[in-house]
Amino acid sequence: APTEIYTLSLHDALPISTKNQRGLAQSEFVRGFRNALPVMIGFIPLGLVLGAQAHEKGFNALEVPLLTGLNFAGRSEFAAINLWRLPPHLLLLMGVTLLINSRHALISAILTPFLKTIPRFKILLALAFMCDETWSLTLTDARARKKAGQCPLFSLPHYAGVATGLYLAWGRFRSSWYSSWPCGR
């Protein structure tokens, strides 16, 4: 029989096995995904509008997922599509995208007190998928965990569930325009 490694859980100060830690991480991921469901529903009309605008600008069914998949930030995606010209003015597009997304540096700073126990590379990877909605749901969860006396205050699996749900929903709904369009481009 395999030997289980025991560690001290910060949550309740009782020893738990690594198997139970995986189960806890999975349940936190599912909890984050479920917390994001109402926002995912709100992404439906926004994604459809973005897909329609991209279609009007001549984007094809491969270009829209590429643009929005690499730049997961709705406001700057709308700006980029509205500023799109042939040939594209790349410096203008990059500048506007940077300007619009610079607010993420400010709002992510609010999460700093909750991130002290997480390695920097994990924080940077997680923040790559931060949008306003991910930030809001995560901050609300961290504050609730603090009020309940739970540790760690920032649940990385919860954040991953929120971010995954929102990223996949945004990708699906902005592409829905193309899957329902009979001719495409």
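First, a word on what this report is: a plain description of the structure on this page. In this text the structure is predicted, and so the values were computed from the model without any measurement.

**Re the layout of surface pockets**
Alright, step 1. Its boundaries defined by the atoms lining it, the second largest pocket holds a volume of some 330 Å³.
Alright, step 2. Lining the second largest pocket are 14 residues, with Phe59, Leu67, Trp84, Leu90 and Leu93 sitting closest to its centre.
Alright, step 3. Contributions of two or more residues to the lining of the second largest pocket are made by helix 2 (63-70) and helix 4 (90-101).
Alright, step 4. The biggest single contributor to the lining of the second largest pocket is helix 4, with four residues.

**With respect to the packing of aromatic side chains**
Any two aromatic rings considered together are summarised by their centre-to-centre distance and by the angle between their planes.
Alright, step 1. All chains considered together, the criterion is met by five aromatic pairs.
Alright, step 2. Their ring planes at 55° and their centres at 5.0 Å tell us that Phe59 and Trp84 sit as a pair that is tilted. In this pair, Phe59 is assigned in the loop between helix 1 (18-56) and helix 2 and Trp84 in the loop between helix 3 (74-83) and helix 4, connecting sequence segments 25 residues apart.
Alright, step 3. By relative accessible area, which is 5% here, Phe59 ends up buried.
Alright, step 4. Aromatic ring contacts, followed pair by pair, group Phe72, Phe129 and Tyr167 into a single cluster.

**Some words on the pattern of salt bridges**
Alright, step 1. All told, the structure shown has five salt bridges when counted by the stated rule.
Alright, step 2. For the salt bridge of Arg145 with Glu28, the shortest nitrogen-to-oxygen distance reads 3.5 Å. Here Arg145 is found in helix 7 (residues 132-147), whereas its partner Glu28 is found in helix 1, with 117 residues between them in sequence. Residues Arg145 and Glu28 agree in their burial class; the two are buried.
Alright, step 3. Linking Asp141 and Arg31 is a salt bridge whose minimum nitrogen-to-oxygen distance equals 2.7 Å. Separated by 110 residues along the polypeptide, Asp141 in helix 7 and Arg31 in helix 1 bring together distant segments of the chain.
Alright, step 4. When its relative accessible area of 9% is taken as the criterion, Asp141 is described as buried.
Alright, step 5. One connected set of salt bridges, linked through shared partners, spans Glu28, Arg31, Asp141 and Arg145.

Conventions used here
- Residues numbered from 1 in each chain as written.
- Predicted model: local features only at pLDDT ≥ 70, side-chain atom pairs only at ≥ 80, totals over all residues.
- Heavy atoms only, no water.
- 1 Å grid on protein atoms, 1.4 Å probe; cavity = no way out; pocket = protein on both sides within 12 Å on 5 of 7 lines; lining within 4 Å.
- Points joined across faces, edges and corners; volume = space filled by probe spheres on them.
- Helix = DSSP H or I, 4+ residues; strand = E, 2+ residues; numbered from the N terminus.
- Phe/Tyr/Trp six-rings, centres within 6.5 Å; stacked < 30°, edge-to-face > 60°.
- Buried < 20%, exposed > 50% of the residue type's maximum accessible area, 1.4 Å probe, protein only.
- Salt bridge = Lys/Arg side-chain N within 4 Å of Asp/Glu carboxyl O.

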